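Per-entry structural report
Now for the letters of each chain:
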Amino acid sequence: MAEIRDAHEDILLAPIEYTGRGFYWAVAFLSVLILWGAIAYAVQFTQGLGVTGLHQPVGWGFYVTNFVFFIGISHAGTLISAILRLSKAEWRRPITRMAEVITCMVIFIGAGQILVDLGRPDRMMNVLRHGRYQSPLLWDATSISAYLTASLTYLYLPMIPDIAILRDRLGKRKLLYSVLALGWTGTEHQQKVLNRAIAIMAVLVIPIAVSVHSVVSFVFSMTLQPSWHSTIFGPYFVVGAIFSGIAGLIVTMIIFRKAYGLDYYLKPIHFRYLGQLLLIMALLWFYFTFAEYLTGYYGAEPEEMKIFWAKFSGPFWPFFWAMVLCNFVVPLLCLASLKQHTVGKVLIASLSIIIGMWLERFIIVVPTLSFPRLPFPEGVYAPTWVEWGETAGSLGLFALFYLLFTKFFPIISIWEIREGRENSVREVEERIISYLPGEVEEKP
Amino acid sequence: MEYQAPVSDRLIRRLQWIWLGGAFLLVGGIIAWIVHLIVASWRLDDVIQASVGISIVAIPIFLVFMGVIFYVFWGVALHGRKRED
């Protein structure tokens, strides 16, 4: 048993010990994307926001869309991991680390979009020095700081035993692993302390994650702009965030399953469970979208209706209907039955949802600004290569950070898999017996 | 496996303290920033209720983070090793 276990654990350590040609190709490709983004930002920095498609009245375009989208994707990790951990879902074990890393990487990228969006980034410090808490933008800064701190802590704590394994088994980066392992030897006391700390963080992280995306929605809903001033924007954004987050997690899992040969750990059953979760979220997303638009339509306020029709049959119709197709129709068709070709179907649905959720953010941000309530001239937003470059660069940066992480730390938690093998079957059996009424007969 | 010289325990312990200090600096820095915003709104006679209301929620959360980080450091790195000895 021990030999089998070690052989399989080697699969998890292999990406850290050896570097294949694929890694360098991936880094080269991502570097090109990042270079494109860097050049785009350099041009924007020197010539100002005039080089982008952001003009009056549309002052928020791709950057704010990306901000909301990336912060939404960040919900994949810590929130999903915490819910699965607290509900003692045993199938979570190979998934949680991947999910938590997404959060920590993507939240930096998301917050960075605001810096990119600033016409005068040199005035950034003024927000910190002279900020006013009456502004929802500052609520955002505070809640994202809390989520980032919580997510980093929540990622690091369950990594400590794995870092100790790296310290003991690998011949490189001894100092780094020794420092981060905090002298972990796996004593009963250490395990107790760690489990307690992880449990506290798991409980804390859930309300923080929910609050973060609610606060992101407040940036829009606290204004009196048509199509933004909505009471359901908080939960609508949270549902969308979890929806896109799960899709992002699934795509990441499938990529690394293929790249690092993790089929032994990430089995079709994991994708089936996540696919079912995705289907539920697709239905919930549709419900919220329907409720949001029905309320606006029924009220028939002229300014609101202008935007409503701009989305349904006006200049934004391709984006709106593509969003409905990607977020509802395709996932429904793919996820209705997952008995066969599970991984392929879940992958198609997830890719579709990622595109659809980005379009949803775009559809929320841009049309309202194109048709302002105040008597300003209406405007059309057309992004230039600068915004496309920034978007590609941001995606590249996220993927590169993630890839580099996998070269330093195992992407699947080794100790949690071990713990699952050693204790889970007994614990689950005991738990099931405790759920059932009366005495349960022992097997002969 | 390539040979690596053994790492000094004292160096590791020092770096661990620096790591803890860095974590405290990050969390403490955010708390200090929130307090700064309250002071600024007080000085400018701005709507202080908003700053105080948000900080009543935010500051304890950050303090709990600090507590958890220190608890793990104390329980795993300091106390955990002592028990093992």
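Note that the structure is a prediction, hence the values are computed from the model and not measured.

1. Structural notes on the overall build of chain A
The helix and strand tally for chain A stands at 17 helices and zero strands. Taken over the C-alpha atoms alone, chain A extends approximately 80 × 55 × 40 Å along its principal axes. Counting only residues that meet the buried cut, chain A has 56% of its 444 residues in that class. Relative to all contacts within chain A whose residues are 6 or more apart in sequence, the contacts with residues 24 or more apart total 82%.

2. Thoughts on the overall build of chain B
Counting its secondary structure elements, chain B contains two helices and zero strands. Buried residues in chain B amount to 36% of all 85 residues. Considering only intrachain contacts with a sequence separation of at least 6, the fraction spanning at least 24 residues in chain B is 74%. Accessible surface, chain B as shown: approximately 5,300 Å² in total, 68% of it carbon and sulfur.

3. Some thoughts on the packing of helix H11 (residues 233-260) of chain A against helix H16 (residues 385-408) of chain A
All names here are of chain A. With their axes 13 Å apart at the nearest point, H11 and H16 run at an angle of 50° to one another. The orientation of H11 relative to H16 falls into the category oblique. When you trace H11 past H16, the crossing you get is right-handed. Side by side, H11 and H16 meet where Thr252, Phe256 and Tyr260 of the first sit next to Tyr402, Leu403, Thr406 and Lys407 of the second. Residue composition of the contact of H11 with H16, by class: four nonpolar, two polar and one charged.

4. Here's the deal with the interface of chain A and chain B
A common measure of how large an interface is: the accessible area buried when the components associate. Every contact between the two is made by 44 residues of chain A and, on the other side, 39 residues of chain B. At the boundary of chain A with chain B, total buried surface from both sides reaches about 3,500 Å², with 74% on carbon and sulfur atoms. If you sort the residues of chain A by the area they bury against chain B, A:Tyr133, A:Leu182 and A:His189 come out on top, with a joint share of 20%. Across the chain A-chain B interface, the total number found is one salt bridge. Close ionic contact of A:Arg132 with B:Asp46 constitutes a salt bridge, the shortest N to O distance being 2.5 Å. Where chain A packs against chain B, one counts eight residue pairs in polar contact (both at pLDDT 80 or more). Those elements giving two or more residues to the side of chain A that touches chain B turn out to be helix H6 (124-130), helix H7 (136-156), helix H8 (160-169), helix H9 (174-181) and helix H10 (188-221) of chain A.

5. Thoughts on the pattern of salt bridges
Residue and element names in this part refer to chain A. Scanning the model with the defined rule gives 15 salt bridges over all chains in all. One salt bridge in this structure joins arginine 85 and glutamate 100, with 2.9 Å as the shortest N-O distance. Within this pair, whereas arginine 85 is found in helix H4 (residues 78-86), its partner glutamate 100 is found in helix H5 (residues 96-117), the two being separated by 15 residues in sequence. Judged by its relative accessible area of 12%, arginine 85 falls in the buried class. Glutamate 90 serves as the salt-bridge partner of arginine 431, at 3.5 Å between the closest nitrogen and oxygen. Taken together, the residues arginine 431 in helix H17 (residues 414-435) and glutamate 90 in the loop between H4 and H5 connect sequence positions 341 residues apart. Shared partners join several salt bridges into a network, and the residues in it are Arg85, Arg92, Glu100 and Glu416.

6. Regarding the nonpolar core
With 161 residues, the main nonpolar core has A:Met98, A:Leu157, A:Phe220, A:Tyr402 and B:Phe62 as its most contacted residues. If we skip the residues at most four places from it in the chain, A:Met98 touches A:Leu249, A:Met253, A:Phe256, A:Leu262, A:Leu266, A:Tyr402 and A:Ile411.

7. Side note on the environment of A:Val215
Residue placement: A:Val215 occurs in helix H10. Apart from residues lying up to four places away in sequence, A:Val215 is in contact with A:Pro136, A:Trp139, A:Asp140 and A:Ser143.

8. A look at the environment of B:Phe24
Residues and elements named next belong to chain B. Note on placement: phenylalanine 24 falls in helix H1 (residues 9-43). Linking phenylalanine 24 and phenylalanine 70, residues 46 residues apart in sequence, is a C-alpha distance of 8.8 Å. Ignoring anything within four residues of it in the chain, the contact list for phenylalanine 24 reads Gly29, Met66, Ile69 and Phe70.

9. Here's the deal with the packing of aromatic side chains
All names here are of chain A. Evaluation of the coordinates by the stated rule reveals 48 aromatic pairs over all chains. Here the aromatic rings of phenylalanine 316 and phenylalanine 319 are separated by 6.5 Å at their centres, their planes lie at 50°, and the arrangement is tilted. Ring-pair connections join several aromatic residues into one group, and the members of that group are Trp60, Phe220, Trp228, Phe233, Tyr236, Phe237, Tyr287 and Phe288. Its end group placed over the ring of tyrosine 264, lysine 267 keeps NZ or CZ at 5.8 Å from the ring centre.

10. Looking at helix H14 (residues 317-335) of chain A
Residue and element names in this part refer to chain A. Helix length check: H14 (19 residues) gives 26 Å between terminal C-alpha atoms against 27 Å at 1.5 Å per residue, within 8%. By the largest-angle criterion, leucine 325 marks the main kink of H14, which is about 35°. For H14, the complete set of buried residues consists of Phe320, Met323, Val324, Cys326, Asn327, Phe328, Pro331, Cys334 and Leu335. Next to the buried residues of H14 lie H11, helix H12 (268-299), helix H13 (302-312) and helix H15 (342-370).

Rules of the game
- Sequence order sets the numbering: in each chain, residues are counted from 1 along the sequence as written.
- Each chain is given a letter, starting from A, and each ligand a number, starting from 1, according to the order in which they appear as written.
- With the structure being a predicted model, the display of local features is reserved for residues of pLDDT at least 70 and the display and counting of side-chain atom pairs for 80 or more, all residues being used for whole-chain, interface and lining totals.
- By convention in this description, side-chain values take in all heavy atoms of the structure and omit both hydrogens and water.
- To qualify as a helix, a DSSP run of H or I must reach at least 4 residues; to qualify as a strand, a run of E must reach at least 2; elements of each kind are numbered from the N terminus.
- Think of it in three bands: with a 1.4 Å probe and only protein chains considered, a residue is buried below 20% of the maximum accessible area for its type, exposed above 50%, and partly exposed in between.
- Residue contacts follow a heavy-atom distance rule, with two residues in contact if any of their heavy atoms lie within 4.5 Å.
- Each accessible area is a Shrake-Rupley estimate made with a 1.4 Å probe; only the visible protein chains count as cover when residues are assessed.
- Only the stretch in contact is used when fitting a helix axis, every axis being a line fitted to C-alpha atoms; angles between N-to-C directions are given from 0 to 180 degrees.
- Just so you know how the angles are binned, under 35 degrees is roughly parallel, over 145 roughly antiparallel, 65 to 115 roughly perpendicular, and the rest oblique.
- What makes a crossing left-handed is the near helix being turned counterclockwise from the far one by less than a right angle; a clockwise turn instead makes it right-handed.
- Any residue that is not Ala, Val, Leu, Ile, Met, Phe, Trp, Tyr, Cys, Pro, Asp, Glu, Lys or Arg is counted as polar, Gly included; the first ten are nonpolar and the last four charged.
- Here the buried area means the combined drop in accessible surface, using a 1.4 Å probe, for two parts upon being joined, counting both sides.
- Think of a salt bridge as a Lys or Arg side-chain nitrogen and an Asp or Glu carboxyl oxygen that are within 4 Å of each other.
- Between N or O atoms, a polar contact is any pair within 3.5 Å; within protein, one atom must be a potential hydrogen donor and the other a potential acceptor, and residues adjacent in sequence are included only when both atoms are from side chains.
- Here, nonpolar core means buried Ala, Val, Leu, Ile, Met, Phe, Trp, Tyr and Cys residues that are tied together by side-chain atoms lying within 4.5 Å of each other.
- We call Phe, Tyr and Trp rings a pair once their centres come within 6.5 Å, taking the six-membered ring for Trp, and we label the pair stacked below 30 degrees between planes, edge-to-face above 60, and tilted otherwise.
- Two thresholds decide whether a charge sits over a ring: the Lys NZ or Arg CZ must be within 6 Å of the ring centre and within 35 degrees of the ring normal.
- Helix span, as expected, comes to 1.5 Å for every residue beyond the first.
- In this scheme, the bend at a residue equals the angle between the axes fitted to the seven residues that finish there and the seven that begin there.

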